Amino acid sequence: MCVGLSAKVVNVKDGMALVDASGAKREVSARLLEDLEPGDYVMVHAGVAIAKIDSDDETETEDILSLL
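Residues numbered from 1 in each chain as written. Predicted model: local features only at pLDDT ≥ 70, side-chain atom pairs only at ≥ 80, totals over all residues. Heavy atoms only, no water.

So, the overall build of the protein chain
Rules: In DSSP terms, a helix is any run of H or I states spanning at least four residues, a strand is any run of E spanning at least two, and both are numbered starting from the N terminus. For the exposure calls, accessible area comes from a 1.4 Å probe over protein chains only, and a residue counts as buried if that area is under 20% of its type's maximum, exposed if over 50%, partly exposed in between. Contacts are assigned to residue pairs with any non-hydrogen atoms lying within 4.5 Å of each other. Only the protein chains shown count as cover for residues, and all accessible areas are computed by the Shrake-Rupley method using a 1.4 Å probe.
Within the protein chain, the regular secondary structure consists of one helix and five strands. For the protein chain, the sequential pattern of α-helices and β-strands runs β-β-β-β-β-α. The buried share of the protein chain, reckoned over its 68 residues, is 25%. Contacts in the protein chain between residues far apart in sequence, at least 24 positions, make up 30% of those at least 6 positions apart. Put simply, the protein chain shows about 4600 Å² of open surface, and 52% of that area lies on carbon and sulfur atoms.

A few points about the nonpolar core
Threshold: We call a set of buried residues a nonpolar core when its members are Ala, Val, Leu, Ile, Met, Phe, Trp, Tyr or Cys and they connect through side-chain atoms within 4.5 Å of each other.
In this structure, Ala 7, Val 9, Ala 17, Val 19, Ala 21, Val 28, Ala 30, Leu 33, Leu 36, Val 42, Val 44 and Ala 49 together form the largest nonpolar core, which totals 12 residues. Among the elements of the structure, β1 (5-13), β2 (16-21) and β4 (41-45) are those that each provide at least two residues to this core. The leading source of residues in this core is β2, at three residues. Not counting chain neighbours up to four residues away, the residues in contact with Ala 21 comprise Leu 5, Ser 6 and Ala 7.

This is the structure:
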């Protein structure tokens, strides 16, 4: 089973993105995604932003994680 984490993009530079996942900031590779901009939401797996998601997906993920 693979686990991905949703995160908000804070900054993008040189193929890397600084993301904020529930207050934890980390740098991940953004090379798989085109036109990534601050404010976008992404799914992160193994240090790589693998897909853009919308804010509704982010909210749903946060709601589910708060139940655990």
